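What the coordinates show
What follows is each chain in one-letter form.
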Amino acid sequence: MNPFLKKPFQLGNITLPNNIFYSPLAGCSDFPFRQMAANYRPGLIYCEMVKMDALVRHDPNTFHILDFDKGMHPIGAQLVGSKPNIAGQAARILEELGFDVIDLNCGCPVDKVTKDGSGSGLLKNPQLIGDLISNIVAAVKVPVTVKIRAGWDEENIIAEEVTRIAEEAGAVAIAIHARTRQQGYKGPANWEYIKRCVDVRKTIKVIGNGDVFSPEAAQQLFEQTGCDVALVSRGTMGAPWIAEDILRHLEGLPAIERGPKQWREALLEHYH
């Protein structure tokens with residue numbers, strides 16, 4: 001068994017199939033995608049992020065984003081927002097809907113999210129991240145995770161600080177997208193930021209994220225950082241089977257041929 005592959009994988013008080021996760025991707029990780037992706041055995045799939053405010057006012061469109069069927073378990077939901085006073089209430093709603101894990105988004109870089117201090121805007125106020133996590137943890141029994149970027153910009157790298165804060169607040173895992181908010185998705189991810197978080201943590205699991213587009217990249221991520229989980233984001237787009245490819249690679253099994261024919265057959269199998 002590859003030392004980096006964990007089958008099963010313990011996350012807080014739940015046991016997951018493995019330590020290859022699929023990221024929440026707005027506009028991409030929708031119901032049909034998650035339904036198809038679940039066939040390829042990722043350890044955890046996250047839904048698209050939802051706003052705390054919309055949840056607590058019971059916005060029907062928000063609840064539609066959260067639709068899932070039992071075949072998608074284990075499944076996580078991701079909250080975005082910056083109001084500790086409603087964070088716990090929003091988390092309870094997600095728990096009652098049946099989600100296995102609740103994640104706090106502190107990484108989304110888009111202006112319409114950061115303008116009110118949410119998403120990666122929270123990186124400017126690390127203690128607020130701790131307050132939000134504490135309130136969520138106090139409100140639910142399921143594991144709570146958090147996803148961040150390394151910092152707002154290169155001059156303000158705070159991933160290690162937030163790792164400590166998240167651990168103290170009760171999060172069981174922290175995902176580090178190894179880019180800054182300023183970078184967006186440009187340039188390579190700097191996995192050194194992930195390694196630094198591994199080095200400072202005591203008990204919290206560290207989830208590595210950024211530039212995992214192949215099974216080989218996933219193995220390199222584990223080797224270079226020592227992280228506990230590989231989180232695949234854009235690497236899932238057009239390749240819902242990448243978890244299976246990574247698992248096979250780490251297990252020393254031969255690769256499965258992937259191409260237009262296989263993609264078409266997967267679609268036909270899924271929808272029939």
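Presented here is an overview of the structure given in this document. Small disclaimer: the values here were computed from a predicted structure and weren't measured. (Residues numbered from 1 in each chain as written. Predicted model: local features only at pLDDT ≥ 70, side-chain atom pairs only at ≥ 80, totals over all residues. Heavy atoms only, no water.)

What about helix H4 (residues 84-97)?
Structurally, the α-helix is built with 3.6 residues per turn, so residues lying three or four positions apart point the same way. Its 14 residues place the ends of H4 21 Å apart at the C-alpha level, agreeing with the 20 Å of an ideal helix rising 1.5 Å per residue. Where H4 is concerned, the buried positions are Ile86, Ala87, Gly88, Ala90, Ala91, Ile93 and Leu94. Along its buried surface, H4 packs onto helix H2 (52-56), helix H3 (60-65), strand S6 (75-80), strand S7 (101-106) and helix H6 (126-139). Residue glycine 98 follows H4 closely and has a positive phi angle near 105°. (Helix = DSSP H or I, 4+ residues; strand = E, 2+ residues; numbered from the N terminus. Expected span 1.5 Å × (residues − 1). Buried < 20%, exposed > 50% of the residue type's maximum accessible area, 1.4 Å probe, protein only. Contact = heavy atoms within 4.5 Å.)

Concerning helix H10 (residues 242-250)
Counting buried positions over the nine residues of H10 gives eight, a clear majority of the element. Every buried residue of H10 is accounted for by Ile242, Ala243, Glu244, Asp245, Ile246, Leu247, Arg248 and Leu250. Two residues or fewer past H10, glycine 252 is found with a positive phi of approximately 75°.

Description of the packing of helix H8 (residues 192-200) against helix H9 (residues 215-225)
At their nearest, the axes of H8 and H9 sit 9 Å apart, and the two run at 45° to each other. Between H8 and H9, the interaxial angle falls into the category oblique. As H8 packs across H9, the resulting crossing turns out to be right-handed. The segment H8 lies against H9, with Ile194, Lys195 and Val198 engaging Leu221, Gln224 and Thr225. (Axes fitted to C-alpha atoms, helices over the stretch in contact; angles between N-to-C directions. Parallel < 35°, antiparallel > 145°, perpendicular 65-115°, else oblique. Left-handed = near helix turned anticlockwise from the far one by under 90°.)

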